[in-house]
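Here is how the chains run, residue by residue.
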Amino acid sequence: MITLLRRFRQRLLSENKFSKYLIYAIGEIILVVIGILIALQINNWNENRKYKQQEIIYLENLKEDLEVQIQSQNIYIDFEEIIIQDCTDIIAHYETQKGFHNMDSIYQKLSDLTVRWTFVNANTTLLEMINSGQINLIRNKELKKNLMEFNQLVQRFASNTLNNNTNLIDNIIAHNIINTTNYAHAGYSERMKEQFQKHVPIQFSTVNDTQLAEFSNQTLDEPKFKLQLINNVAFRNGLAKIQKSGNESLKQKAIQLQNQIISELKK
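Residues numbered from 1 in each chain as written. Predicted model: local features only at pLDDT ≥ 70, side-chain atom pairs only at ≥ 80, totals over all residues. Heavy atoms only, no water.

Asker: Go over the overall build of the protein chain, please, and point to the residues and values.
Answerer: For the protein chain, the count of helices and strands is nine helices and zero strands. Sequence-ordered secondary structure for the protein chain, helices as α and strands as β, is α-α-α-α-α-α-α-α-α. Across the 267 residues that make up the protein chain, the buried fraction comes to 34%. Of the contacts made within the protein chain by residues no fewer than 6 positions apart, 81% connect residues no fewer than 24 positions apart. Split by element, the accessible area of the protein chain, about 16,000 Å² in all, is 55% carbon and sulfur. (Helix = DSSP H or I, 4+ residues; strand = E, 2+ residues; numbered from the N terminus. Buried < 20%, exposed > 50% of the residue type's maximum accessible area, 1.4 Å probe, protein only. Contact = heavy atoms within 4.5 Å. Areas by Shrake-Rupley, 256 points an atom, 1.4 Å probe, with all protein chains shown as cover.)

Asker: Kindly report on the packing of aromatic side chains, identifying the contributing residues and their values.
Answerer: Each aromatic ring pair is described using two quantities: the centre-to-centre distance and the angle formed by the ring planes. The full count for this structure, using the stated rule, is eight aromatic pairs. The interplanar angle of 85 degrees and the centroid separation of 5.8 Å between the aromatic rings of Y183 and Y188 together place this pair among those described as edge-to-face. When the centroid spacing of 4.9 Å and the interplanar angle of 65 degrees are considered together, the rings of Y188 and F204 count as edge-to-face. Taken together, the residues span a long stretch of sequence, with Y188 in the loop between α6 (183–186) and α7 (190–199) and F204 in the loop between α7 and α8 (211–220) at a distance of 16 residues. Residue classification places Y188 among the buried residues on the basis of a relative accessible area of 10%. (Phe/Tyr/Trp six-rings, centres within 6.5 Å; stacked < 30°, edge-to-face > 60°.)

Asker: Quick one: what's the story with a nonpolar patch on the surface, residue by residue and with numbers?
Answerer: A surface patch of nonpolar side chains, about 360 Å² in accessible area, is lined by V33, I36, L37 and L40. Among the secondary structure elements, V33 is positioned in helix α2 (residues 18–97). The partly exposed category is assigned to V33, whose relative accessible area is 40%. (Patch = residues over 30% accessible without salt bridge, like charges linked within 9 Å, V, L, I, M, F, W, Y side chains within 5 Å. Salt bridge = Lys/Arg side-chain N within 4 Å of Asp/Glu carboxyl O.)

Asker: Explain the side chain of D65 to me, using residue names and the numbers behind them.
Answerer: Mapped onto the secondary structure, D65 falls in helix α2. The side chain of D65 is buried and forms no salt bridge, while K63, the nearest opposite charge, is found at 11 Å. A distance of 2.7 Å separates a polar atom in the side chain of D65 from a polar atom in the side chain of T125. Beyond its immediate stretch of four places on either side in the chain, D65 contacts A122, N123, T124, T125 and L126. (Lys, Arg positive; Asp, Glu negative; His and termini not counted. Polar contact = N/O pair within 3.5 Å; in protein donor to acceptor, adjacent residues only side chain to side chain.)

Asker: Break down the pattern of salt bridges for me, citing the residues and quoting the values.
Answerer: Summed over the entire model, instances satisfying the criterion amount to ten salt bridges. Across the pair E81 and K244 runs a salt bridge whose closest N-O atoms are separated by 3.4 Å. Of this pair, E81 sits in helix α2 while K244 is found in helix α9 (residues 223–265), placing the two residues 163 residues apart along the sequence. Residue D89 pairs with K109 through a salt bridge whose shortest N-O separation is 2.7 Å. With D89 in helix α2 and K109 in helix α3 (residues 107–112), this pair connects stretches of sequence that are 20 residues apart.

Asker: Run through the packing of helix α4 (residues 124–132) against helix α5 (residues 141–180), naming residues and quoting values.
Answerer: Contact geometry for α4 and α5: axes closest at 11 Å, N-to-C directions at 115 degrees. Viewed along their axes, α4 and α5 adopt a mutual orientation that is roughly perpendicular. Here α4 runs over α5; the crossing is left-handed. Residues L126, L127 and I130 of α4 form the contact with α5, whose own contacting residues are L147, M148, F150, N151 and Q155. For the contact of α4 with α5, the per-class residue count stands at six nonpolar, two polar and no charged. (Axes fitted to C-alpha atoms, helices over the stretch in contact; angles between N-to-C directions. Parallel < 35°, antiparallel > 145°, perpendicular 65-115°, else oblique. Left-handed = near helix turned anticlockwise from the far one by under 90°. Nonpolar A, V, L, I, M, F, W, Y, C, P; charged D, E, K, R; others polar.)

Asker: Before we move on, could you go through the nonpolar core and cite the residues and values that matter?
Answerer: Buried together is how nonpolar side chains tend to be arranged in soluble globular proteins. If you look at the biggest cluster of nonpolar residues, it comprises 48 residues, and the most contacted ones within it are F100, L110, L147, F150 and M192. Only α2, α3, α4, α5, α7, α8 and α9 provide two or more residues apiece to this core. The leading source of residues in this core is α2, at 13 residues. Here L110 is in contact with I90, M103, I177, T181, L229 and V233, once residues within four sequence places are set aside. (Core = buried A, V, L, I, M, F, W, Y, C linked by side-chain atoms within 4.5 Å.)

Asker: Tell me about the environment of K63, and name the residues and values.
Answerer: Following the sequence through the fold, K63 ends up in helix α2. In the structure, K63 is positioned 195 residues away from Q258 in sequence and 5.6 Å away in space, judged by C-alpha atoms.

Interpretation note: all reported values are geometric properties and have no functional meaning in isolation.
Set out below in structure tokens:
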């Protein structure tokens, strides 16, 4: 084809038909431009198809990660509900007994308050996309914005949870409960042990020494320790309610985001 066009061009020149040659040259240029544009269009189509396939893979992975996040929030919420109920029972017992007396049914619930659940960020795909710049594969601007906001929310919540667990529960509440109550002999409540067995099977050990309860009773008769412990319980109650509220909010946002991703995948 190229050879024929070249011969045709040479014949026009030899016949001194410049105007016809000019028209021909312009036409040839137009054909070349059209060919380039078609090639670029095909290349763009292939690239867009490849990006679309990558986007679908990421969206599927994001949906799966969000499901893990939702299920994790359910675990955290169940745990905080145990703590809230324990605190409610302890405070009611304290008010009824006018102090820490007749504690056989309460010591295990006090031990529960030393436990806290570590928050794990399940958004591995989202973090990978943000760190690598692949978040830009998400063409839906609203979805991309919501994903970025969700990542910030999770990171703030994880940071706050770690701070509360370390500085408030571990260093203050657990420290005081372990030092003043019958922790070693009483162990944890059945409800708390069942929660552990569901997710982190652990065999807890207790100390077979009934005198420990007597020692604890004597300690908690002192106003200083009584005040300290009831304040710890009340504070732990409020902390658990705040944490549960945060877990529920995070779960709801994860569900909304998951539904948005499912709608995007159907397009």
